[in-house]
Amino acid sequence: MVTAASVGSRVESLASSGISTIPKEYVRPEEELVNIGDIFEDEKSTEGPQVPTIDLKEIDSEDIKVREKCREELKKAAIDWGVMHLVNHGISDELMERVKKAGKAFFDLPIEQKEKYANDQASGKIQGYGSKLANNASGQLEWEDYFFHCVYPEDKRDLSIWPQTPSDYIVATSEYAKELRGLTTKILSILSLGLGLEEGRLEKEVGGLEELLLQMKINYYPKCPQPELALGVEAHTDISALTFILHNMVPGLQLFYGGKWVTAKCVPNSIVMHIGDTLEILSNGKYKSILHRGLVNKEKVRISWAVFCEPPKEKIILKPLPETVSEEEPAIFPPRTFFEHIQHKLFRQSQEALVSTKESAALKSTKESALKSTKEAALISTN
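The rules behind the values
- Residues numbered from 1 in each chain as written.
- Predicted model: local features only at pLDDT ≥ 70, side-chain atom pairs only at ≥ 80, totals over all residues.
- Heavy atoms only, no water.
- Pairing = 2+ DSSP bridges.
- Helix = DSSP H or I, 4+ residues; strand = E, 2+ residues; numbered from the N terminus.
- Axes fitted to C-alpha atoms, helices over the stretch in contact; angles between N-to-C directions.
- Contact = heavy atoms within 4.5 Å.
- Buried < 20%, exposed > 50% of the residue type's maximum accessible area, 1.4 Å probe, protein only.
- Polar contact = N/O pair within 3.5 Å; in protein donor to acceptor, adjacent residues only side chain to side chain.
- Phe/Tyr/Trp six-rings, centres within 6.5 Å; stacked < 30°, edge-to-face > 60°.
- Lys NZ or Arg CZ within 6 Å of the ring centre and 35° of its normal.
- 1 Å grid on protein atoms, 1.4 Å probe; cavity = no way out; pocket = protein on both sides within 12 Å on 5 of 7 lines; lining within 4 Å.
- Points joined across faces, edges and corners; volume = space filled by probe spheres on them.
- Nonpolar A, V, L, I, M, F, W, Y, C, P; charged D, E, K, R; others polar.
- Core = buried A, V, L, I, M, F, W, Y, C linked by side-chain atoms within 4.5 Å.

### Looking at the sheet that holds strand β9 (residues 260-263)
The strand order across the open sheet built from 4 strands is β6-β11-β8-β9, with neighbouring strands paired in antiparallel fashion. Edge positions in the sheet fall to β6 (233-236) and β9, since each has one partner strand and no second. On average, each strand axis in the sheet is inclined to that of its neighbour by 20°, with strand direction left out of account. The sheet contact formed by strand β8 (residues 253-257) and β9 spans 4 bridges and is antiparallel. Residue pairing in the sheet places Tyr-257 in a bridge with Lys-260 of β9.

This is how it looks when you write it as structure tokens:
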């Protein structure tokens with residue numbers, strides 16, 4: 001049921017109300033506001049490290065040298081950054097535009113209409129239209145609304161909660177999910193070979209065609225009157241195996257690399273791909289799950305389409321594969337199910353929120369100390 005309270009709880013509603021200052025629950029602690037400046041100027045900068053762009057055009061070339069060069073570049077980006085822009089990935093520009101057009105059209109609907117698809121996190125109904133609930137002791141919120149739903153495999157979808165408006169939403173999103181599933185297999189094959197494994201090994205370890213879930217989250221970041229004080233998404237690593245992201249060419253993604261926050265460029269017709277915690281664990285830390293966050297701005301609405309490729313919650317034990325472990329490189333992650341890994345991250349986050357302000361500031365200042373202390377500490381933030 002649509003209520004005034006639910007409509008009023010949306011960030012879009014707050015942003016369009018004419019406020020000049022944001023409510024205190026959206027103001028992030030000072031230590032989280034490091035390197036938050038003008039995101040448009042940051043995106044133009046050519047100084048410092050840049051997120052790599054990987055051209056997949058020759059990924060299956062008949063020329064062995066050309067093919068191996070392409071695959072080696074992808075592997076290097078997975079080891080060094082854990083994030084990259086993929087171009088010539090095989091998914092048509094026209095299909096990606098249809099997906100983006102349909103998603104934008106849904107969020108352009110009046111809030112009252114979107115509320116018909118509202119989720120109910122309290123009762124465990126997580127799919128649908130929603131806003132992030134405070135999940136820490138300080139009650140902090142993120143400057144975003146979203147739409148979340150499983151898009152693949154087809155037999156695990158619930159089309160009853162998919163938007164019926166616009167009319168192309170279901171068709172375009174379904175087609176995109178199918179294409180993305182094929183790209184997922186290709187990427188996992190290359191990353192398997194990069195670890196010296198059989199080509200299909202990583203795909204098998206994350207659930208295979210039947211069990212690997214593709215979950216789409218459309219993130220809607222309204223204009224923010226005080227972007228220097230807020231975050232669209234707080235710093236976190238993805239729990240997935242891989243994450244694929246489309247966006248509306250408005251900058252906002254930042255990666256924590258080399259001890260500082262780096263703003264990702266907007267690369268036309270690309271898909272941003274993250275290595276998630278799942279592959280980091282299976283590879284015993286050889287592939288990186290990078291800490292990242294989303295910024296907001298005063299001038300433009302930002303929308304991103306993130307698809308998380310996730311293993312089944314209970315059926316598979318996630319642990320470093322035996323081939324990645326040696327006397328010189330012992331296992332750095334304990335065995336856990338995917339569900340246990342999620343709970344572990346949530347527990348660690350809640351524990352951090354309960355420490356004193358000074359201790360919390362020291363722990364979170366740039367996440368650098370946590371990243372260096374143990375690799376596992378990089379997996380403390382929730383999706």
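The structure having been displayed, the exposition proceeds.
### Observations regarding the sheet that holds strand β3 (residues 128-131)
The sheet built from 8 strands is open, its strands ordered β1-β2-β10-β7-β12-β5-β4-β3 with mixed pairing. If you trace the sheet from one side to the other, it starts and ends with β1 (53-55) and β3, each paired once. Strand-to-strand twist across the sheet, computed as the mean angle between neighbouring axes with direction ignored, equals 25°. Bridging between strand β7 (residues 242-247) and strand β12 (residues 302-310) involves 6 bridges; their strand directions are antiparallel. Among the inter-strand pairings, His-247 is bridged to a residue of β12, identified as Ser-304. Here helix α7 (residues 169-194) sits on the sheet in contact with β2 (83-87), β4 (145-152), β5 (213-221), β7, β10 (271-275) and β12, set at roughly 135° to β7.

### Regarding the side chain of Lys-345
On the secondary structure map, Lys-345 appears in helix α11 (residues 338-354). Residue Lys-345 is classed as buried on the basis of its relative accessible area of 1%. Within polar-contact distance, the side chain of Lys-345 engages the backbone oxygen of Thr-237 at 2.9 Å.

### Remarks on the packing of aromatic side chains
Throughout the structure, instances matching the rule amount to 11 aromatic pairs. Here Tyr-26 and Trp-143 contribute two aromatic rings whose centre-to-centre distance is 5.3 Å and whose plane-to-plane angle is 80°, an arrangement assigned as edge-to-face. With Tyr-26 in the loop between α2 (11-15) and α3 (39-44) and Trp-143 in the loop between β3 and β4, this residue pair connects regions lying 117 residues apart in the sequence. Trp-143 carries the same exposure label as Tyr-26, and that label is buried. Summarising the aromatic geometry, the rings of Phe-107 and Tyr-220 are spaced 4.8 Å apart at their centres and angled 5° between planes, so their arrangement reads as stacked. Of this pair, Phe-107 sits in helix α5 (residues 93-107) while Tyr-220 sits in strand β5; the two residues are 113 residues apart in sequence, bridging distant segments of the chain. A single burial state applies to Phe-107 and to Tyr-220, both of which are buried. What links up through ring pairs into an aromatic cluster is the set Phe-106, Phe-107, Tyr-117, Tyr-129, Phe-147 and Tyr-220. Lying across the ring of Tyr-129, Arg-10 places its NZ or CZ 4.6 Å from the centre.

### Structural notes on empty space enclosed by the protein
Sizing a probe to match a water molecule and rolling it over the atoms shows the empty space that remains. Inspection of the entire model under this criterion finds 2 cavities of 30 Å³ or more. Quantified by volume, the largest cavity comes out at close to 70 Å³. Lining the largest cavity, in full, are His-85, Ile-245, His-247, Val-250, Pro-251, Gly-252, Leu-253, Ala-264, Lys-265, Cys-266, Val-272 and Arg-302. Residues that form the lining of the largest cavity fall into these classes: 7 nonpolar, 3 polar and 2 charged.

### Digging into the nonpolar core
Side chains that are nonpolar tend, in soluble globular proteins, to be buried together. Counting 66 residues, the largest nonpolar core has Tyr-176, Ile-187, Leu-191, Leu-242, Phe-244 and Leu-279 as its most contacted members. With 10 residues, α7 is the largest single contributor of residues to this core. One finds Ile-245, Tyr-257, Val-272 and Ala-306 within the second-largest nonpolar core, a separate group that totals 13 residues.

Without other data, these values stay purely geometric and don't point to any function.
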